[in-house]
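Examination of the molecular architecture
So you can see what is in the structure, the chains are spelled out below.
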Amino acid sequence: MCATCGCGDEAATRVLLPLDVHPEHGGHPRHEHHEHEHDHHEHDHDHDDSGHGHGHGHDHHDHDHGRPRPEHPHEDASPAGQTISIEQDVLAKNDLLAARNRGWFEGREILAVNVMSSPGAGKTTLLERTIRELAADRDVAVVEGDQETLLDADRIRATGAPVVQINTGAGCHLDADMLRRGLDRLAPRPGSYLFVENVGNLVCPALFDLGEAARVVIISVTEGNDKPLKYPHMFASADLVLVNKADLLPFVDFDVERCVAQARQLNPRVQALVVSATTGEGFAEWLEWLAAHAPEREAVRAQQP
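In this text, all values refer to a predicted model and were calculated from it rather than measured experimentally.

**Section: unusual backbone geometry**
Residues other than glycine seldom take positive phi values, yet Thr-149 does so here, at roughly 75°. Of note, Thr-149 is situated in the loop between β4 (140-146) and α4 (151-157). By relative accessible area, Thr-149 is classed as partly exposed at 38%. The phi dihedral of Lys-245 is positive, around 65°, even though this residue is not glycine.

**Describing helix α3 (residues 123-134)**
Along its twelve residues, α3 runs 16 Å from first to last C-alpha, staying within 8% of the 16 Å computed at 1.5 Å per residue. Regarding α3, the residues found buried are Lys-123, Thr-124, Leu-126, Leu-127, Glu-128, Thr-130, Ile-131 and Leu-134.

**Some points on the pattern of salt bridges**
Applying the stated criterion to the full structure yields eleven salt bridges. Here Asp-177 makes a salt bridge to Arg-181, at a shortest N to O gap of 2.9 Å. Within this pair, Asp-177 and its partner Arg-181 are both found in helix α5 (residues 176-186), separated by four residues, close to a single helical turn. Comparing Asp-177 with Arg-181 shows no difference in burial state: the two are buried. Its salt-bridge partner being Glu-212, residue Arg-215 comes within 2.5 Å of it at the nearest N-O pair. Glu-212 shares its class with Arg-215; the two are buried. Connected through shared salt-bridge partners, Glu-128, Asp-152 and Arg-155 make up one network.

**Section: the packing of aromatic side chains**
With the rule as written, the count across this model stands at four aromatic pairs. With centroids separated by 6.4 Å and ring planes inclined at 45°, the aromatic side chains of Phe-195 and Trp-286 adopt a geometry described as tilted. Residue Phe-195 is found in strand β6 (residues 193-197), and its partner Trp-286 is found in helix α9 (residues 283-293); the two are separated by 91 residues along the sequence. Looking at Phe-195, the relative accessible area reads 0%, which means it is buried. Taking relative accessible area as the criterion, Trp-286 reaches 0% and is therefore assigned buried. Taken together, a centroid distance of 6.0 Å and an interplanar angle of 20° make the contact between Trp-286 and Trp-289 stacked. With Trp-286 and Trp-289 both in helix α9, this residue pair falls three residues apart, about one helical turn. Residue classification places Trp-289 among the buried positions, given a relative accessible area of 6%. Grouping aromatic residues by their ring pairs yields a cluster made of Tyr-193, Phe-195, Trp-286 and Trp-289. Directly above the ring of Phe-283 sits Arg-129, whose terminal nitrogen or CZ lies 5.7 Å from the centroid.

Rules of the game
- Residues numbered from 1 in each chain as written.
- Predicted model: local features only at pLDDT ≥ 70, side-chain atom pairs only at ≥ 80, totals over all residues.
- Heavy atoms only, no water.
- Helix = DSSP H or I, 4+ residues; strand = E, 2+ residues; numbered from the N terminus.
- Buried < 20%, exposed > 50% of the residue type's maximum accessible area, 1.4 Å probe, protein only.
- Expected span 1.5 Å × (residues − 1).
- Salt bridge = Lys/Arg side-chain N within 4 Å of Asp/Glu carboxyl O.
- Phe/Tyr/Trp six-rings, centres within 6.5 Å; stacked < 30°, edge-to-face > 60°.
- Lys NZ or Arg CZ within 6 Å of the ring centre and 35° of its normal.

By themselves, these are just geometric observations and shouldn't be taken as functional.
Next comes the structure, spelled out in structure tokens:
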């Protein structure tokens, strides 16, 4: 069970492989079995060993992404500090694993993007179109997070991108260890984009660093423009807000400027784009944003034999 939010049964978390991935792509070795039961026993390998290309001894707190840990409401109610201690232990362990993930991504020049939203905001549809738009320019891999089913992974697979599905059971978010286990199966190519579609939820995913280079929060115009104020931790930690389903703006009561202004009250540095995953509106700017955050591929080529 997640000690931070009380969700889930960690023993029920599964990493599922909906299509073959190729170890020769580089990175993590592929396990032979097709369903991996998530537990807290150590793997035979570790992100610090040479199998991942280089060690990652740096401390997560030395790598400041401008996302300070938000104060948690449990702190005021915890008896004798017990809940605080448990929460800090859980988040500290997660941050250590996230730092290892981050070092692995940086060493392979992979742009890892944590994509978060409430259910139905259009994450999977946006990723489908993004993959197709990038097909001629970048390799793309996807980690899908859901409580159950392979439905979203099957949609991503249809685009031709390698994908693994992480089913969290009753859990409401992905964490750094779940992502690590997914990467063991996925083995994204050096210099590629890795999109992590987090579990649909605007609360707990904000607390868990995965080792990503950027956080993208999607809000659809059908949700109402008050989401930043209702879910401040999520928007305070975002690097980019995508206002999706712009093609529906003529038919709904949604004030884009007000929504973006609320997000910037919480996070003055956050960027915002208005897009439609259905029509492609705003996608040129979205792809430019990704390119601006991607490592230089020339450096990747210089590392390859």
